[in-house]
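Residue-level listing of the chains:
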Amino acid sequence: MPATSEVPEQQARSGTQSIERVVGMLRVIATRGRRGMRIADVVDVSGLPMSTCFRMLQRLELEGLVYRDPLTRKYHLGPLLYELGLLAQPRYQLSELCNEALLVIADQTQDTVYLSERRGAESICTSRALGDYPIKALTLDVGIRRPMGVGAGGLAILSALPEAEADHIVEASGAQYAKFGSAFDPGFLRAALIESRARGYSFLDSAATPGTAAVGVAFPPKNPIAAISVAAISSRLGPARRVEVAKIIQKQVRGICALLRADVPSAAVGQRKQAI
């Protein structure tokens, strides 16, 4: 029999593993955004046995952490997460602070603008603004999480981090990158990081989504917590225009950084009709 002192330690490990599994399950479901996931997809992405996924999802549904649509049989994040999120939201939301800047960029580029925020080794889309160009690059929904480096916003954040930290994230996220195709191998990402640092902005073309390209700028420079990116069909982001788009983003990012330094959450970020 194990020593009495070992029992609490074993229970603690078991409890920690259970928490990790629950959080991992919620993250898996969150990767599909509002589309939801069938249990077969949950099994495939999580790597857990069908019986384990079924039991976990049943319990999470009872607790309100997931919701199963009776018609599509897909699982979605549940109402309790929303309710807890209302209490946990910060004093001001970065998406609100950046809203006017996103609209300015969308007006000036006519393309789709995304705000991505860092969450550990991932980035999450927290806001989006649509330009008037008729062909839109809708590569992300609000709430979608991706490993940093998949998408111009996450790549911009990753490239602005200290090199050792960025390399550690790339190394640790290899299994996650593999789910987005063979392009996202460590060699490709490290080369993209070097190029992003040299340019001062990130650029990806037909990486995660064929036929679409994007430019991203991270902020604040010394402690990146987020990035703004512009996505368009590839033909709209040739060499000259991607530089122009990067300058538009950088101008608005400077305004956001000034507000962050001043800690003025209610201030407007920019004027929509402001000249480039």
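Data block above holds the structure.
We now turn to the structure provided with this report. (Residues numbered from 1 in each chain as written. Predicted model: local features only at pLDDT ≥ 70, side-chain atom pairs only at ≥ 80, totals over all residues. Heavy atoms only, no water.)

## Describing the packing of helix α2 (residues 39–46) against helix α3 (residues 50–62)
- Between α2 and α3, the least distance of the axes is 10 Å, while the angle of their chain directions is 115°. Crossing of α2 against α3: the hand is right-handed. Facing Ile39, Val42, Val43 and Ser46 of α2, the residues of α3 in contact are Met50, Cys53, Phe54 and Leu57. (Axes fitted to C-alpha atoms, helices over the stretch in contact; angles between N-to-C directions. Helix = DSSP H or I, 4+ residues; strand = E, 2+ residues; numbered from the N terminus. Left-handed = near helix turned anticlockwise from the far one by under 90°. Contact = heavy atoms within 4.5 Å.)

## Quick notes on helix α9 (residues 186–199)
- In this model α9 runs 20 Å from its N-terminal to its C-terminal C-alpha over 14 residues, within 8% of the 20 Å that 1.5 Å per residue would give.
- Every buried residue of α9 is listed here: Leu189, Ala192, Leu193 and Ser196. Take α9 and look down its axis: the buried residues cluster within an arc of 105°, on one side only. In α9, those exposed residues whose orientation departs by more than 90 degrees from the buried face are Ile194 and Ala198. (Expected span 1.5 Å × (residues − 1). Buried < 20%, exposed > 50% of the residue type's maximum accessible area, 1.4 Å probe, protein only. Arc of directions from axis to C-beta.)

## Points about the nonpolar core
- The biggest cluster of nonpolar side chains holds 29 residues, and the ones touching the most others in it are Val113, Val215, Phe219, Ile228 and Ile249.
- Looking at this core, the elements with two or more residues in it are α5 (94–109), β3 (112–119), β7 (212–219), β8 (226–233) and α10 (239–262).
- The contact partners of valine 215, leaving out residues within four places of it in the chain, are Ala152, Tyr201, Ser202, Phe203, Ile228, Ser229, Val230, Leu237, Arg242, Val245, Ala246 and Ile249.
- By size, the runner-up hydrophobic cluster in this structure holds 19 residues, among which are Tyr177, Ala192, Leu204 and Ala207. (Core = buried A, V, L, I, M, F, W, Y, C linked by side-chain atoms within 4.5 Å.)

## A look at the packing of aromatic side chains
- Counting across every chain of the model gives 1 aromatic pair.
- Here arginine 242 stacks its cationic end above the ring of phenylalanine 203, 3.8 Å away from the centre of that ring. (Phe/Tyr/Trp six-rings, centres within 6.5 Å; stacked < 30°, edge-to-face > 60°. Lys NZ or Arg CZ within 6 Å of the ring centre and 35° of its normal.)

## Observations regarding the pairing of β3
- Among the 8 residues of β3, 6 are classified as buried, and the element is accordingly described as predominantly covered.
- In terms of strand pairing, β3 meets β8 through 6 bridges, oriented antiparallel. Paired with valine 113 across the strands is valine 230, a residue of β8.
- Of the pairings in the sheet, the one linking β3 to strand β4 (residues 122–129) comprises 7 bridges and is antiparallel in character. Looking across to β4, one finds that valine 113 is bridged to alanine 129. (Pairing = 2+ DSSP bridges.)

## Brief notes about the sheet that holds β4
- The 6 strands are arranged β5-β4-β3-β8-β7-β6 in an open sheet whose pairing can be described as antiparallel. Both edges of this open sheet fall to β5 (145–147) and β6 (202–205), since each of them pairs with a single strand only. Pairs of neighbouring strands in the sheet enclose a mean axial angle of 30°, with direction left out of account.
- Two elements, β4 and β5, share 3 bridges in a ladder whose sense is antiparallel.

## With respect to the side chain of glutamate 117
- Of note, glutamate 117 is situated in strand β3.
- For glutamate 117, the side chain forms a polar contact with the side chain of arginine 119, separated by 3.4 Å. (Polar contact = N/O pair within 3.5 Å; in protein donor to acceptor, adjacent residues only side chain to side chain.)

## A look at unusual backbone geometry
- The peptide bond linking phenylalanine 219 to proline 220 adopts the cis configuration, its omega dihedral lying at -15°.
- Here proline 220 lies in the loop between β7 and β8.
- The backbone of arginine 73 shows a phi angle near 65°, a positive value even though the residue is not glycine.
- In this fold, arginine 73 is placed in the loop between β1 (66–68) and β2 (75–77).
- Note on arginine 73: relative accessible area 54%, which makes it exposed.
- Positive phi, normally seen in glycine, also occurs at serine 206, with a value near 55°.
- By the secondary structure assignment, serine 206 is in the loop between β6 and β7.

## So, the environment of serine 116
- Note that serine 116 resides in strand β3.
- The buried category is assigned to serine 116, whose relative accessible area is 5%.
- Taking the C-alpha atoms as reference points, serine 116 and leucine 94, separated by 22 residues in sequence, lie 10.0 Å from one another.
- With sequence-adjacent residues up to four places away left out, serine 116 is seen in contact with Ser123, Ile124, Cys125, Gly153, Ile157, Ile225, Ala226 and Ala227.

## Some details on the environment of isoleucine 228
- Position of isoleucine 228 among the secondary structure elements: in strand β8.
- The exposure class assigned to isoleucine 228 is buried, which follows from its relative accessible area of 0%.
- Measuring from C-alpha to C-alpha, the distance between isoleucine 228 and alanine 246 comes to 9.8 Å, with 18 residues separating the pair along the chain.
- Beyond its immediate chain neighbours, meaning those up to four positions away, isoleucine 228 contacts Leu102, Ile105, Val113, Tyr114, Leu115, Val215, Gly216, Val217, Phe219, Ile249, Val253 and Ile256.

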